[in-house]
Every structure is written in C-alpha cells, then in structure tokens.
Amino acid sequence: MDENNELKRIENPFEYKQFLSKVIGTAPVARELHRKKIKQNDVVFFSLQIVSGPIAEGKDPIVIKRGSISKAKEVGQYYAALDIPAEDSFLFTDFSYDREKNIHYMSEDIEKKFEEIAEKLNRKKKETAEEEKKLRQLMVLHKKNQKDLEIELEQLKQLKLDEIEKEKKSLMVLRSQYTREKKKLEKELEDYKTEKTHDIESEIKELEKLKEQLNFYQFLSKEPGEQEAKQQQIGKSFSDRIELLTYMQKFLLSNKEKPLFYDLNTLLQFYIGICTEQLVVLAGSPGTGKTSLVEGFAKATNAELRIIPIQPNWVDKSDLLGFYNPIEKTYVSTPFLDAILEAKENKGKLYFICLDEMNLAHIEYYFAEFLSKLQTDRKIQLYSSNIKSEMEEELQARYTHFQKEVKEIEFDEYFAKASDPSLENYFTIKRLFRLLESYPDTLEIPNNIRFIGTINKDETTKDLSPKVVDRSFFIKLNSFDSEKMDAAQSKLQKDKSEYNTFISLSPYDIKPVSGKWEDREKIRIQRTKNNLSNYGIELTNRFERTVSQILGLELVSPIQLFDIMNACLILPKVNVDSYEVDVVKLLEELSKNTSDDSDISKHILEKMKISDETTTTLTYWR
C-alpha cells in the first residue's frame, strides 16, 4: 500500500528481494498463510511491525505481525447485494483500492459487517416480498369482491325494478277497482240520500202532525213560538282586556241606582277566575260587596244572573237540583236547576249562577258531586235511566189508548163526556210529556254558565273541605273604602255619560285556554310545590291546569301571575297549627312568591301572621 492508500502489486511479497531486505516472514506466518489457504495472486491485508534485536543483525527489519493476515475480498459483489450503484462506490473510503484493476477490497472484519447487513437486507427483502404477495392477493380478492358486489348490486337493482313494476301494475289494478267501487258507492249514496231524504221528510211530516196533535191536546208545556231564545245584544267591544276592566270599573261607578267601586286588582282576579274551570269563591266579611260584585259584573256584561240563597238545612244534592217524585211521577225542580235549563236553551248568552252564602250549609253535602262533574264530563244524573224507560213505556201505552178514545169525536166533546179514569189518563199523559220534555234523566251542564259562590266566616258558617278548596278560585274582598270611592267619583263626574253602554262579552270570550309555560316558570312552580309539601300543603295537577289557563289569557306579567297564583290558589290551602309545623318557616316559604309589587298576596299574608301568643293557627280564614 503506497502513500496514497492504494495497493502496490508485487508477485510474492515474501520472496521479493527488495522487500525481503526489509520485511521478514516467520514460520508461524507461513503456516498462517497455508491455513488460511492464501495462494499466489491473492490479495491480502496484514499488519507490519518493526522488530529490533539480534535477529535484525544491526538493522531494523520489518516483520509481518502474526495473526494479522487476512484474505482481501472484492467489495463489488456486496455492492450488488446491497443494490448500491457502482458510481456511488467511492463513498466507501475505508476500503483499499486497486487502481489498475479498478477494484475495491475489504478485510474479513468488514466482510462480516457486510454479511450482517446483507442478511438483514435479504430478510427485509423477503418480508417485503411476502407483504407484496399478500397485497397482491388482497388486491385480487378486492377485485373479486368488487365484482361480486357489482353483480349483487345489479341483481338487487333489477329485483327492485321488478318489484316496482309489479307494484305499479298492482296500483293500476287497485285504481281501476277503486274507480269502479267509487262509482258504485256514489250511486248507492245517492240512492241512500234520496231514500233517507224521503224518510226524513215523511218523519218530519209525522212529527209535525204529532206536534199539532200534542199542542191541540195541550200536552206540550208551551205553544209553538212561545219559548224563544234570549238574544245576545251587541255592546261595547274591547281587544285589550285591561281597557275592558278599566271601562268596567267606571261603568260600575257610574250606575245611578247603585254605584259600586272595586279596584282593578279585584276586577282582574274576578275576570281571570271566570276564565278558568274553577268555582269562583268570593270571601270576605259581611258588607264587603261580594254579591254586589257579581251583580255589577253581570250588569256590565249584559249577562243573565241567577242568585241562589243557600239554606242552612241543605244536606244533599236534591236541595240544589231537585228530585223525582215516584208517587206523583213528577220532577220537583229548583231555581238552580231551572237556571241551568234556561242557559241550555240560550247557549250564546253568558249566565252567572251565584250560590249566596254557600257555606251556611256543608258545601260537600249538597255541591261536592256537582263540583266534581263540573270539572270532568259536566254530566249530572237527575234520575235513573230505568225510570225514564218506564215513563216512556207508560206514556206510549196511555197515549195509544187516548188516541182510540178521541178518534171519532171532537176534543171538547171528549172532555164533556170523559169519565174520571179517562180524564186521569189524559192528565197523566200531560204530566209525563212535560216531565220528559223539561227534565232529562241526564243533564249536561252547558259551557255558557259560570258558577260563583260567596262565603262568610263566622260562628254560623261551616268550614270548607280540602276538596272544595282544591277546586275553587278564591278572591278575598277587603272592607269597603268610602274615601277611595268618593275620590274616584269626583274624577269621573264629568264623564259619567261615556260609561253607560254595557260590555260585549260572550261565553266564547272567556273560554278556558291552556297557555305555554316558560322554563323559568316551570322550575319556580315545581320548587314551590316541593317546598310546600314539606308543610302538608299539596298543590295538585288541578292547580297546574288552572295556572296554565291563567297563562293562556296572556293578560298578566310574571310578577302578577305569581301574585294571583299565591293569593287565589295557594294561600287558601293554608290552615295549619303551630304545634304541627314551624309557621315562621312556612311564612318565609310563602313569602318567596311575593315581591314589592305583589299587592294582593302581601296584603293577605300580613293578615295571616299570628297576632298574639294565644293564637296557634296560621290560616287564610282569619
């Protein structure tokens, strides 16, 4: 190897005289060459060392280092194995280079490293080949699956097209059948209408004839045309309910015969109450204007008013609705029932039925069933349907016998010659006719009636049961304030003539309608229900329905809503003893639904507070 790190070729380095004068080979070195099978013309790597001592005979001979000889390997075959281009071989500068032959050589140590690299590379190639094989297999499988899917999709598409075509044909057949059936049914319907029209006309003629006979024989309660519906007159209309109530306040104050003054909060509560399904109950001391409020409201809206005085001895619903007398075969009616029957004949007219001083008797005895029906199907059983069937059978038999008796004689002559049994038969027929005509076995309460009650609280009155309280909308009236009335009248003095027209208010205008709850209102009301239940005060689903109907009016603000809800629906349920619950905490809980603007409920709460140490009850009924 020369100074340029290039090999200088010699035929036999161990026999070359010039070299031998400097390089000494030893027997172990010769054996090593033989053991490693190094032949002439082989390229070798070896290490030299300078030896000193007697063997050098005064010189510094160079000795081949034992164990350092290794046969050189050409690098080119490894380049090929590692896929290294020949032009990049110059990058490997650690190798010896034979410029004459353009060959790079490497030692055995480097060869081992190359073999390791080649082995790893071959392993990688093998793995890569395996992966390529798998990938090719997957691609083949994918193509096969894709082809299968395309075939399946085409088959499915054709199947669906066949089904659609089949359905199309079926629809065409059905359409044809439908057309034929339609024409057939239209013809049958036309024939049926013609037949029924003829039958109805015949029935009408028969009924007219029968009606003439019944009128002639004086069996009907009234002559034709005598019973006419009350006409709803047209009054002043308002789109804004607050304007309506403001006008009503001035209308009542302008009444020459009996001027009345109620603040707008009281009128607002009353209006809201009649727009719900609840019984409106006016509570207050005598002289606070409970009955007058109903009278004034009815007059202001041109509604029909019937005041029913409650008697202390009323014990069941017959005192309110009357009863059937089986001996006389008559129905003993009451003013309350007659008012309902009149309203039923005049459904476009608004009716107020006021139970005056309704807690003089136990309300649940005479009114509980009616109150329950009022908020469900609104149907009241006056007497048994079996009794009705028996009366109809008897009436049919008696009338048939009567027709035979008067068939060939004049009616006046019949009366002149009739025997006592015949006359008794005639009057029984007349009585049965009028009973069935006027008093049905089942009475449906019409929607044009609003029921109102007034109550006092003293030693002569009865307590209200929880059932009645739960179904009622309470309005507490304060003592009459003459100063406020005088002030209001003085302001109105010049304009009284502008407030003498009644307000147009129909049953439809006050029909209960459920409103939409806001999330905030839902959460607050649910929290109120949960908290009050801890004190034994339960707010039922009926309470929520009533609140929903107040929302449906879209008349009050959120503050007014909770003020009226508290005053009219929650506080009337409060009647607890301080020995059973902590009334201080209960008052705090009740106050949470009030604010500085809660005029109604704050005033009631103040009156409910325990006034002295001897009082142990917290109650609305103070």
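Now for a description of the structure that goes with this document. (Residues numbered from 1 in each chain as written. Predicted model: local features only at pLDDT ≥ 70, side-chain atom pairs only at ≥ 80, totals over all residues. Heavy atoms only, no water.)

1. Some details on the overall build of the protein
Argument step 1. For the protein, the helix and strand inventory stands at 21 helices and 19 strands.
Argument step 2. The long-range fraction of contacts in the protein, counting pairs at least 24 apart against all pairs at least 6 apart in sequence, stands at 76%.
Argument step 3. Put simply, the protein shows about 38900 Å² of open surface, and 50% of that area lies on carbon and sulfur atoms. (Helix = DSSP H or I, 4+ residues; strand = E, 2+ residues; numbered from the N terminus. Contact = heavy atoms within 4.5 Å. Areas by Shrake-Rupley, 256 points an atom, 1.4 Å probe, with all protein chains shown as cover.)

2. Remarks on the environment of I600
Argument step 1. By the element assignment, I600 lies in helix α21 (residues 599-608).
Argument step 2. In sequence terms I600 and A567 are 33 residues apart; their C-alpha atoms lie 6.4 Å from each other.
Argument step 3. Ignoring any residue separated from it by four or fewer positions in sequence, one finds I600 in contact with N265, Q269, D563, I564 and A567.

3. Quick notes on the packing of aromatic side chains
Aromatic rings in a pair are described by how distant their centres are and how their planes are angled relative to each other.
Argument step 1. The tally for this structure, following the rule as stated, stands at 22 aromatic pairs.
Argument step 2. Residues Y331 and Y439 carry aromatic rings whose centres are separated by 5.1 Å and whose planes lie at 25° to one another, so their mutual orientation is stacked. Pair noted here: Y331 is in strand β12 (residues 330-332) and Y439 is in the loop between α14 (420-438) and β15 (442-444), with a separation of 108 residues, a long-range link.
Argument step 3. Y439 gets classed as buried once you look at its relative accessible area, which sits at 15%.
Argument step 4. Each ring, one from F336 and one from F451, has its centre 5.8 Å from the other, and the planes form 35°; the classification is tilted. With F336 in helix α9 (residues 335-345) and F451 in strand β16 (residues 449-455), the pair connects residues that are 115 residues apart, well separated along the chain. You'll find F336 and F451 in the same group, each marked buried.
Argument step 5. In this structure an aromatic cluster arises from ring pairing among W314, F336, Y366, F367, F370 and F451.
Argument step 6. Here the basic side chain of R524 rests over the ring of F562, its NZ or CZ set 3.8 Å away from the ring centre. (Phe/Tyr/Trp six-rings, centres within 6.5 Å; stacked < 30°, edge-to-face > 60°. Buried < 20%, exposed > 50% of the residue type's maximum accessible area, 1.4 Å probe, protein only. Lys NZ or Arg CZ within 6 Å of the ring centre and 35° of its normal.)

4. Overview of the packing of helix α12 (residues 385-405) against α14
Argument step 1. The N-to-C vectors of α12 and α14 enclose an angle of 135°; their axes lie 9 Å apart at closest approach. Judged on the interaxial angle alone, α14 and α12 are oblique. Crossing geometry of α12 relative to α14 is assigned as left-handed. Contact residues: α12 offers K388, M391, E392, E394, L395, R398, Y399, H401, F402 and E405, while α14 offers S422, N425, Y426, T428, I429, L432, F433, L435 and L436. (Axes fitted to C-alpha atoms, helices over the stretch in contact; angles between N-to-C directions. Parallel < 35°, antiparallel > 145°, perpendicular 65-115°, else oblique. Left-handed = near helix turned anticlockwise from the far one by under 90°.)

5. Quick look at a nonpolar patch on the surface
Argument step 1. A grouping of L135, L138, M139 and L141 is seen on the molecular surface, where their side chains present a nonpolar patch of about 390 Å² in accessible area.
Argument step 2. Note on placement: L141 falls in helix α4 (residues 108-216). (Patch = residues over 30% accessible without salt bridge, like charges linked within 9 Å, V, L, I, M, F, W, Y side chains within 5 Å. Salt bridge = Lys/Arg side-chain N within 4 Å of Asp/Glu carboxyl O.)

6. Quick word on the packing of helix α19 (residues 558-570) against α21
Argument step 1. For the pair α19 and α21, interaxial distance at closest approach is 7 Å and the crossing angle is 40°. Between α19 and α21 lies a crossing of left-handed hand. Residues D563, I564, N566 and A567 of α19 form the contact with α21, whose participating residues are D599, I600, S601 and I604.
Argument step 2. Counted by class, the contact of α19 with α21 contains four nonpolar, two polar and two charged residues. (Nonpolar A, V, L, I, M, F, W, Y, C, P; charged D, E, K, R; others polar.)

7. Focus: the pattern of salt bridges
Argument step 1. Applying the stated criterion to the full structure yields 18 salt bridges.
Argument step 2. One salt bridge connects E394 with K329, and the closest N-O pair in it is separated by 2.6 Å. With E394 in helix α12 and K329 in the loop between β11 (323-325) and β12, this residue pair connects regions lying 65 residues apart in the sequence.
Argument step 3. We classify E394 as buried; its relative accessible area is 18%.
Argument step 4. Residue classification places K329 among the partly exposed residues on the basis of a relative accessible area of 26%.

8. What about the sheet that holds strand β13 (residues 351-356)?
Remark on secondary structure: sheet strands pair via backbone hydrogen bonds, oriented parallel or antiparallel.
Argument step 1. The five strands lie next to each other as β10-β13-β16-β9-β17, forming an open sheet whose pairing is parallel. Edge strands, defined here as strands with exactly one partner in the open sheet, are β10 (304-309) and β17 (472-476). Going from strand to strand, the sheet's axes swing by 20° on average, the running direction of each strand aside.
Argument step 2. The pairing of strand β9 (residues 279-283) with β17 spans five bridges and is parallel. Of the residues in β17, the one forming a bridge with L279 is S472.
Argument step 3. Together, β10, β13 and β16 form the strand contacts of α9, whose direction differs from that of β13 by roughly 170°. (Pairing = 2+ DSSP bridges.)

9. Quick word on the nonpolar core
Argument step 1. Core analysis: the biggest nonpolar cluster contains 124 residues, and F270, F336, F367, F370 and F451 have the highest contact counts within it.
Argument step 2. For this core, the element with the most residues is α19, which contributes eight residues.
Argument step 3. For F336, the contacting residues outside a window of four places in its chain are I308, L320, L321, I353, L355, F367, F370 and F451.
Argument step 4. One finds L33, I38, V44 and I69 within the second-largest nonpolar core, a separate group that totals six residues. (Core = buried A, V, L, I, M, F, W, Y, C linked by side-chain atoms within 4.5 Å.)

10. Here's the deal with helix α18 (residues 541-552)
Argument step 1. The end-to-end C-alpha distance of α18, which contains twelve residues, comes to 16 Å, matching closely the 16 Å that a straight helix rising 1.5 Å per residue would cover.
Argument step 2. Among the residues of α18, those classed as buried are R542, F543, T546, V547, S548, Q549, I550 and L551.
Argument step 3. Residues of α18 that are buried in the fold lie against α6 (264-274), α15 (466-470), β17, α17 (519-533) and α19.
Argument step 4. Backbone geometry just after α18 places E554 at a positive phi near 50°. (Expected span 1.5 Å × (residues − 1).)

11. Remarks on the side chain of T594
Argument step 1. Looking at the secondary structure, you find T594 in the loop between α20 (583-591) and α21.
Argument step 2. Classification of T594 as buried rests on a relative accessible area of 18%.
Argument step 3. Within the structure, T594 has its side chain in polar contact with the backbone oxygen of S591 (distance 2.6 Å).
Argument step 4. With residues up to four places along the chain from it excluded, the contact list for T594 reads N566, S601, K602 and L605. (Polar contact = N/O pair within 3.5 Å; in protein donor to acceptor, adjacent residues only side chain to side chain.)

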